[in-house]
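# Architecture at a glance
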Amino acid sequence: MEQTLTLLSFGPDGWGDQIASGVLVTVGLALATLPLGLVVGFLLALAKQSDEKALKMAAEIYTTIFRGLPELLTLFLVYFGLQIGIREAVSALGFETQIEINSFLAGMIALGVVFSAFASEVFLSAFRAIPAGQYEGGYALGLGKVQTMIKIILPQLIRIALPGLGNLWMILLKETALVSVIGLPDILRQAGIAARVSKEAFLFFGTACLLFLVLAILSSFVIRAIERSVERSEVRV
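Just so it is clear, the structure is predicted and the values come from calculations on it, not from any experiment.

### Comments concerning the layout of surface pockets
Put simply, the largest pocket is a space of about 450 Å³. For the lining of the largest pocket, the secondary structure elements donating two or more residues are α2 (16-48), α7 (145-175) and α9 (201-236). Considering every element that reaches the lining of the largest pocket, the biggest residue donor is α7, with 7 residues. Its residues assigned to classes, the lining of the largest pocket shows 15 nonpolar, 2 polar and no charged. By volume, the second largest pocket amounts to about 210 Å³. Ranked by residues supplied to the lining of the second largest pocket, first place goes to α7 with 3 residues. Residues of the lining of the second largest pocket, tallied by class, amount to 5 nonpolar, 2 polar and 1 charged.

### Brief notes about unusual backbone geometry
Even without glycine at this site, K199 takes up a positive phi of about 65°. Positionally, K199 belongs in the loop between α8 (187-198) and α9.

Criteria and cut-off values
- Residues numbered from 1 in each chain as written.
- Predicted model: local features only at pLDDT ≥ 70, side-chain atom pairs only at ≥ 80, totals over all residues.
- Heavy atoms only, no water.
- 1 Å grid on protein atoms, 1.4 Å probe; cavity = no way out; pocket = protein on both sides within 12 Å on 5 of 7 lines; lining within 4 Å.
- Points joined across faces, edges and corners; volume = space filled by probe spheres on them.
- Helix = DSSP H or I, 4+ residues; strand = E, 2+ residues; numbered from the N terminus.
- Nonpolar A, V, L, I, M, F, W, Y, C, P; charged D, E, K, R; others polar.

Structure representation (structure tokens):
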């Protein structure tokens, strides 16, 4: 017991500092990916409803690809493929230089495109659940398309899409563990290093499990609080 507490302690004798920094990296990556995925997912949902066939087809292809590819493969494609693509583009311009993509940025892009592909379907379902009369009512009040979207459609869209987006957030939080394979010092990587050095694999991977569970529980409380806040704002309206 004493040895366990020592290994998990903060300071030079334990791995508490490294594990804590891994938690910050995991949460930071998830929070950085979320707005990227939401914005791109929302735009994809709009594109899928567009009358422009090319735009609609492009959105469908994007969604099909990134919903179908394994997340780990997408991560490798972004991390290694983006570096190669940038290097080739720079070479075509006559410059010779080494290009290295930051693992945090690569993880954010890879997880963001996957999240956006799934989020687009959540948004699309929410759009379809809103009656056409809501749009017509906005136009009848003299509102333009953008004003109707912001003032009438978007508040309803958020309420309808929130449960689905909450589930996607939980999935995103777990998938951040994948970035450990490209060297990002998240919870899983720090736990793995500690396990190899100390020969206490069960202790540190068990600690990583508990930390992910804690983050999931805290996230569920936050999501429920947001849902209650949205419901109260609708009641006031």
